[in-house]
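Summary of structural features
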Amino acid sequence: MQTPASRRVTLLSLAVLSWTTATAAELQVQPGDESLAKAIAGAQENDTLVLQPGVYRERVRVDKTLTLRGEKGAMLDGSSALKAEWSVVDGMSGVFTAPSEKRPEGLLVDGKFIAEIRFDRAEESGEWNWRTLLAQGTPLSKFEQVRALWMYHPKEKTIYLRLENGGSPAKAKLSAVMSGKALIEIAAPGVVVEGLSLAAGVDALALREGAKDCVIRRCKVTSYEGTGIMITGGASNCAVEECEITRGALEEWQPTEKNRRENYEIWRIHKDVGKYDRVGIELNRAGVGNRILRNKIDRTFDGICLGDYRAESLDKPAADPDHGRGTEIAANIIENTRDSGIELGVGCVDVNVHHNTLRRTHGGLRFKVPRVGPVFVHHNHLIDGTPFNIWFSMDAAPAEGYIYHNTIKGGADAAFVYSSFNANRDFATPKWHLLNNLALGVKDGFFDQRKGTPPRDFTESHNVTTDDSSAATDAGLDLSTYRKGRPLPGCEPGYFKGKAPDAGADEVK
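Residues numbered from 1 in each chain as written. Predicted model: local features only at pLDDT ≥ 70, side-chain atom pairs only at ≥ 80, totals over all residues. Heavy atoms only, no water.

Quick look at the overall build of the protein chain
Quick note on the threshold: A run of H or I in DSSP counts as a helix once it spans at least four residues, and a run of E counts as a strand once it spans at least two, with each numbered from the N terminus. Just to be clear, the radius of gyration here is over C-alpha atoms, and the globule rule we use is 2.2 Å times residues to the power 0.38. With a 1.4 Å probe rolled over the protein chains alone, any residue whose accessible area is under 20% of its type maximum counts as buried; one over 50% counts as exposed, and the rest are partly exposed. Only heavy atoms enter the contact rule, under which two residues are in contact if any of them lie within 4.5 Å. Reported accessibility uses the Shrake-Rupley method at a 1.4 Å probe radius. Residues are deemed covered only where the shown protein chains occlude them. Counted as positive: Lys and Arg. Counted as negative: Asp and Glu. His and the chain ends are not counted at all. The atom standing in for a charge is NZ when the residue is Lys, CZ when it is Arg, CG when it is Asp and CD when it is Glu.
The helix and strand tally for the protein chain stands at 4 helices and 45 strands. For a compact globule of 509 residues, the expected C-alpha radius of gyration is about 23 Å, and the protein chain comes in at 25 Å, within 12% of that figure. If one aligns the C-alpha atoms of the protein chain with their principal axes, the spans along those axes are about 75 × 70 × 45 Å. For the protein chain, the proportion of its 509 residues judged to be buried stands at 57%. Across the protein chain, contacts joining residues at least 24 apart in sequence account for 70% of those joining residues at least 6 apart. In the form shown here, the protein chain has an accessible surface area of approximately 21500 Å², with 49% of it arising from carbon and sulfur atoms. Of note, the protein chain has its 64 positive side-chain charges centred 2 Å away from the centre of its 68 negative side-chain charges.

Right under this line is the structure:
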């Protein structure tokens, strides 16, 4: 029974809600001199800013509850025209230099990012020395795969540039990213960003400390130099959904079996002498309950990463095992990555990765030392991975984990691999369960153990390796009571119709 006092509280709450809704405004924003930043500064909580078509050359921080909605053609662009005085370098045909007091965060030609050499990572003599690379290209493919290169020399305060075919910079459409700030930084609860295009930022969009219950929806990231969308600083219960993300690189990042070794030099130019990874969506020291749903990621370095590069060894403590707790990664399409499609590390507590499609990825679905769990990886399709499909790397993975009802089709390696462990352990994956997976037409079979890795120690049952998809019918184990009488996610009672579940991601009706 509602008391008079509780009734007064309810009426007051409704009045406040009604007042908030009534006072929220929809404000039109036109491209101009910091027009979006000014609109954010002048907006009230819960207002909606509607960005009209055009290019907004600014970076903004959202520190109040707002909706940013882009009309078709509204784009934030972090680049500016590069105006420089170029000179030919003696003895280095096709290489040019220009003075610059500040190191650019990125260089673009015709709107595409040029691969960068880091001076401090390329000083050693040999084929990967910066002078050799600028003059001759990478050892195997020269300038066929990595078509152009640039470097900032901090001692000389000079930009070095070698364009495709040794062309003159004076005749090229060059632009630069000079700021390391994200195009949009969110540090408030309840922020919604939808329908915007984002180009030429170091990070296109970053959810940081203070971000909670935010939604990034139907945005397009057409180029970035660091991370497409970053969730960090404990940002919690946020959703990234139905976005399209691509790296916007000058190189063609799609590997094939024919050019596999040569195309791998794109990986090496970034990992060995460049700026390391360029992740499509990264959760690094993120909070709880984030959801990455129904996105399309193409031609990035890594697709989606949950982890912390500072804790990729059991000898290094994780900052907080609860980072990333309850993350859901589902129904995403990830294609043509130069490294992993999906990476999972740190605590991996109650993480659910399901119904994703990974196609033509270099690193497939990779585990980087998940420690606690449980983590559930199920009903995913991995297609034509080159070379990896599902693999454990860096160190042993002590987490409780379940990999089940996945389909691995084609590819140049085994369905599951132990590889690249950097520590000697007497265990690898003792609490992992591999169940009801289908390896269809996979070149090297179900499992491969690389040199220097511990013995195979996962639990396995009802996995099918075949060239005939019909062999998967009724070949699985009923998982509706597998986990101490409880179902694994996606395998609740009644989840199959035949005598037994089919192996793989699809239940044939």
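Having put the structure on the table, let's press on.
A short note on the nonpolar core
Put simply, the test is: What is meant by a nonpolar core is a set of buried Ala, Val, Leu, Ile, Met, Phe, Trp, Tyr and Cys residues, joined one to another through side-chain atoms within 4.5 Å.
By size, the foremost hydrophobic cluster in this structure holds 76 residues, and its most contacted members are Ile-186, Leu-207 and Leu-344. In this structure Leu-207 touches Ile-186, Cys-214, Ile-216, Ile-229, Met-230, Ile-231, Thr-232, Ala-235 and Cys-238, once residues within four positions along its chain are discounted. Val-89, Val-95, Trp-128 and Ala-249 belong to the second-largest nonpolar core, a separate cluster that totals 23 residues.

Topic: unusual backbone geometry
For residues that are not glycine, phi is negative in most cases, and the peptide bond is trans in most cases. That bond from Gly-373 to Pro-374 is cis: its omega, 0°, falls within 30 degrees of zero. Note on placement: Pro-374 falls in the loop between strand 34 (365–368) and strand 35 (375–378). Omega for the peptide link from Thr-386 to Pro-387 comes to 0°, which places this bond in the cis form. Within the fold, Pro-387 resides in the loop between strand 36 (381–383) and strand 37 (390–394). The phi torsion at Asn-165 lies on the positive side, around 60°, for a residue other than glycine. Note on placement: Asn-165 falls in the loop between strand 14 (158–162) and strand 15 (174–177).

Some details on helix 4 (residues 260–271)
The cut-off we apply is this: Helices are assigned an expected span. That span is 1.5 Å times one less than the residue count.
Over its 12 residues, helix 4 runs 16 Å from end to end, which matches the ideal 16 Å to within 8%, given 1.5 Å per residue. For helix 4, the full list of buried residues reads Asn-263, Glu-265, Ile-266, Trp-267, Ile-269, His-270 and Lys-271. The inward-facing, buried residues of helix 4 abut strand 12 (115–118), helix 3 (130–136) and strand 13 (149–153).

Regarding the confidence of the model for the protein chain
Quick note on the threshold: For every residue, the predictor states its confidence as a pLDDT score lying anywhere from 0 to 100.
Here the protein chain averages 93 in pLDDT, while 95% of its residues score no lower than 70. Residue range residues 1–21 is modelled with pLDDT below 50. Its contacts to residues more than four positions away, or to other chains, number 3 contacts.

Let's talk about the pairing of strand 5 (residues 67–70)
Both faces of the sheet carry side chains from a regular strand, because those side chains alternate between them. Rules: We call two strands paired when DSSP finds no fewer than two bridges between them.
In this sheet, strand 5 lies alongside strand 2 (residues 48–51) in parallel orientation, the contact comprising 4 bridges. Counted as the bridge partner of Thr-48 is Thr-67 from strand 5.

Topic: the pairing of strand 10 (residues 106–109)
Here strand 10 shows no split at all, with Gly-106 and Leu-108 on one side and Leu-107 and Val-109 on the other all buried. Taken together, the 4 bridges between strand 10 and strand 15 define a ladder with antiparallel strand orientation. The residue bridging Gly-106 from the neighbouring strand is Val-177, located in strand 15. Across 2 bridges, strand 10 lies against strand 11 (residues 112–113) in antiparallel orientation.

Quick notes on the packing of aromatic side chains
Note the threshold: Only centres within 6.5 Å qualify two rings of Phe, Tyr or Trp (six-membered ring in Trp) as a pair; their planes then separate them into stacked at under 30 degrees, edge-to-face at over 60, and tilted for everything else.
Under the defined criterion, the tally for this structure stands at 16 aromatic pairs. When the ring of Phe-392 is compared with that of Trp-432, the centres are 5.0 Å apart and the planes differ by 80°; the resulting orientation is edge-to-face. You can see Phe-392 sitting in strand 37 and its partner Trp-432 sitting in strand 41 (residues 432–435), a full 40 residues away along the chain. Both rings, one in Tyr-495 and one in Phe-496, keep their centres 5.2 Å apart while their planes meet at 90°; by these two values the pair is edge-to-face. Looking at Tyr-495, the relative accessible area reads 17%, which means it is buried.

Observations concerning the sheet that holds strand 36
Strands belonging to one sheet form pairs held by backbone hydrogen bonds; the direction of such a pair is parallel or antiparallel. Reading across the sheet, the 12 strands line up as 3-6-18-21-24-27-30-33-36-39-42-45 and stay open at both edges, with parallel pairing between neighbours. Strands with a single pairing partner mark the edges of an open sheet, and in this sheet they are strand 3 (54–56) and strand 45 (464–466). In terms of strand pairing, strand 18 (residues 197–199) meets strand 21 (residues 220–221) through 2 bridges, oriented parallel. Bridge pairing in strand 21 places Ser-197 opposite Lys-220.

Some words on the pattern of salt bridges
The criterion, for reference: Salt bridges are defined by distance alone: a side-chain nitrogen of Lys or Arg within 4 Å of a carboxyl oxygen of Asp or Glu.
Scanning the model with the defined rule gives 36 salt bridges in all. Across the pair Arg-285 and Asp-308 runs a salt bridge whose closest N-O atoms are separated by 2.7 Å. Taken as a pair, Arg-285 in the loop between strand 25 (279–284) and strand 26 (291–293) and Asp-308 in the loop between strand 28 (302–307) and strand 29 (328–330) lie far apart in primary sequence, 23 residues in all. Among the residues examined, Asp-308 registers a relative accessible area of 6% and is labelled buried.

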